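An overview of the molecular structure
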Amino acid sequence: MQIKIINKSNHELPNYETIASAGMDLRANISEPITLKSLERTIVRTGLFIELPIGYEAQVRPRSGLAVKKGITVLNSPGTIDADYRGEIGVILVNLSNEDFVIENGERIAQLIIAKHERSEWIEVTELSETSRGEGGFGSTGVK
């Protein structure tokens, strides 16, 4: 699938690192480093603008290396970019560690996954079909 993109950053376009990669890395496009203190959050701009086909979304997800090594994650994970959004892609990062984290220009801050989705239509009813699980949720199917 081809997706239109405007790149106003100083960096290369996002790309798949391997033939089996699901996501493409997003890079910070900032004029000066951003220091993210413990439990602080910020929106980091990427300089990228995309035009998705209807029926697709772009999901902004954390990078596992940043999460495990530095405690940095995407706050609204996964963030959703709708097909009708034409603004700059921004990534909401949060520092869950106890140490300051400095975001540098060009740093890989998140990954972007393109996913097909369906639109649903609600059908109001007074009853739902029964299942063996019923109303059990929040760990109810796990080992006790």
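Residues numbered from 1 in each chain as written. Predicted model: local features only at pLDDT ≥ 70, side-chain atom pairs only at ≥ 80, totals over all residues. Heavy atoms only, no water.

**Thoughts on the pairing of strand E6 (residues 56-61)**
The test is simple: When DSSP locates at least two bridges between a pair of strands, those strands are taken to pair. What counts as a helix is a DSSP run of H or I of at least four residues, what counts as a strand is a run of E of at least two, and both are numbered from the N terminus.
Relative to strand E11 (residues 108-116), E6 runs antiparallel, the two being bridged by 6 bridges. Looking at E11, one finds that Gln-59 is bridged to Ile-113.

**Concerning the nonpolar core**
A general feature of soluble globular proteins is that nonpolar side chains tend to end up buried together. Here is the rule we go by: Take the buried residues of types Ala, Val, Leu, Ile, Met, Phe, Trp, Tyr and Cys, join any two whose side-chain atoms come within 4.5 Å, and each joined set is a nonpolar core. Using a 1.4 Å probe on the protein chains alone, a residue whose accessible area is under 20% of its type maximum counts as buried, one over 50% counts as exposed, and one in between counts as partly exposed. Only heavy atoms enter the contact rule, under which two residues are in contact if any of them lie within 4.5 Å.
Counting residues in hydrophobic clusters, the biggest one holds 23 residues, and the most contacted among them are Leu-26, Val-60, Val-91, Leu-93, Ile-103 and Ile-109. Here this core gets 3 residues from one element, more than from any other, and that element is E11. Those residues in contact with Val-91, other than ones at most four positions away along the chain, are Leu-26, Thr-42, Ile-43, Val-44, Thr-46, Val-60, Val-74, Ile-109 and Ala-110.

**So, the layout of surface pockets**
To keep it simple, the criterion reads: Only protein atoms enter the 1 Å grid, on which a cavity is a set of points fitting a 1.4 Å probe that cannot get out and a pocket is an open set with protein on both sides within 12 Å along at least 5 of 7 lines, lining residues being those with an atom within 4 Å of a point. Grid points are joined across faces, edges and corners, and a volume is the space filled by probe spheres set on the points. Polarity classes work like this: nonpolar for Ala, Val, Leu, Ile, Met, Phe, Trp, Tyr, Cys and Pro, charged for Asp, Glu, Lys and Arg, and polar for all others, with Gly in that last group.
Its volume calculated, the largest pocket comes out at about 250 Å³. Along the walls of the largest pocket sit 13 residues, with Ile-3, Ile-5, Pro-14, Met-24 and Ile-114 positioned nearest its centre. Those elements giving two or more residues to the lining of the largest pocket turn out to be strand E2 (24-27), strand E5 (48-51) and E11. Across the lining of the largest pocket, the residue classes tally to 13 nonpolar, no polar and no charged.

**Observations regarding the sheet that holds strand E9 (residues 90-95)**
Condition: Geometry is summarised by axes, namely lines fitted to C-alpha atoms with helices restricted to the contacting stretch, and by angles between N-to-C directions that run from 0 to 180 degrees.
If you trace the 3 strands from one edge of the open sheet to the other, you get E4-E9-E7, paired in antiparallel fashion. Sheet topology places strand E4 (41-45) and strand E7 (72-74) at the edges, where each strand pairs with a single neighbour. Adjacent strand axes in the sheet meet at a mean angle of 35 degrees when their direction is disregarded. In terms of strand pairing, E7 meets E9 through 3 bridges, oriented antiparallel. Bridge assignment links Val-74 to a residue of E9, and that residue is Leu-93.

**Considering the packing of aromatic side chains**
As a reminder, the rule being used: Pairing of aromatic rings covers Phe, Tyr and Trp, the last counted by its six-membered ring, and requires centre-to-centre distances within 6.5 Å; plane angles under 30 degrees mean stacked, over 60 mean edge-to-face, and any other angle means tilted. Throughout this description, the term charge over a ring refers to an Arg CZ or Lys NZ atom that lies within 6 Å of the ring centre and within 35 degrees of the ring normal.
By the definition in use, this model includes 0 aromatic pairs. One cation-aromatic arrangement involves Lys-8 over Phe-49; the distance from NZ or CZ to the ring centre is 5.1 Å.

**A few points about unusual backbone geometry**
Across the chain, the bulk of peptide bonds are trans and the bulk of non-glycine residues have phi less than zero. In this chain, Ser-77 is followed by Pro-78 through a cis amide linkage whose omega measures -10 degrees. One can find Pro-78 in the loop between E7 and strand E8 (79-81). Although it is not a glycine, Leu-39 adopts a positive phi angle of roughly 65 degrees. Residue placement: Leu-39 occurs in the loop between strand E3 (34-36) and E4. The class for Leu-39 is exposed, based on a relative accessible area of 62%.

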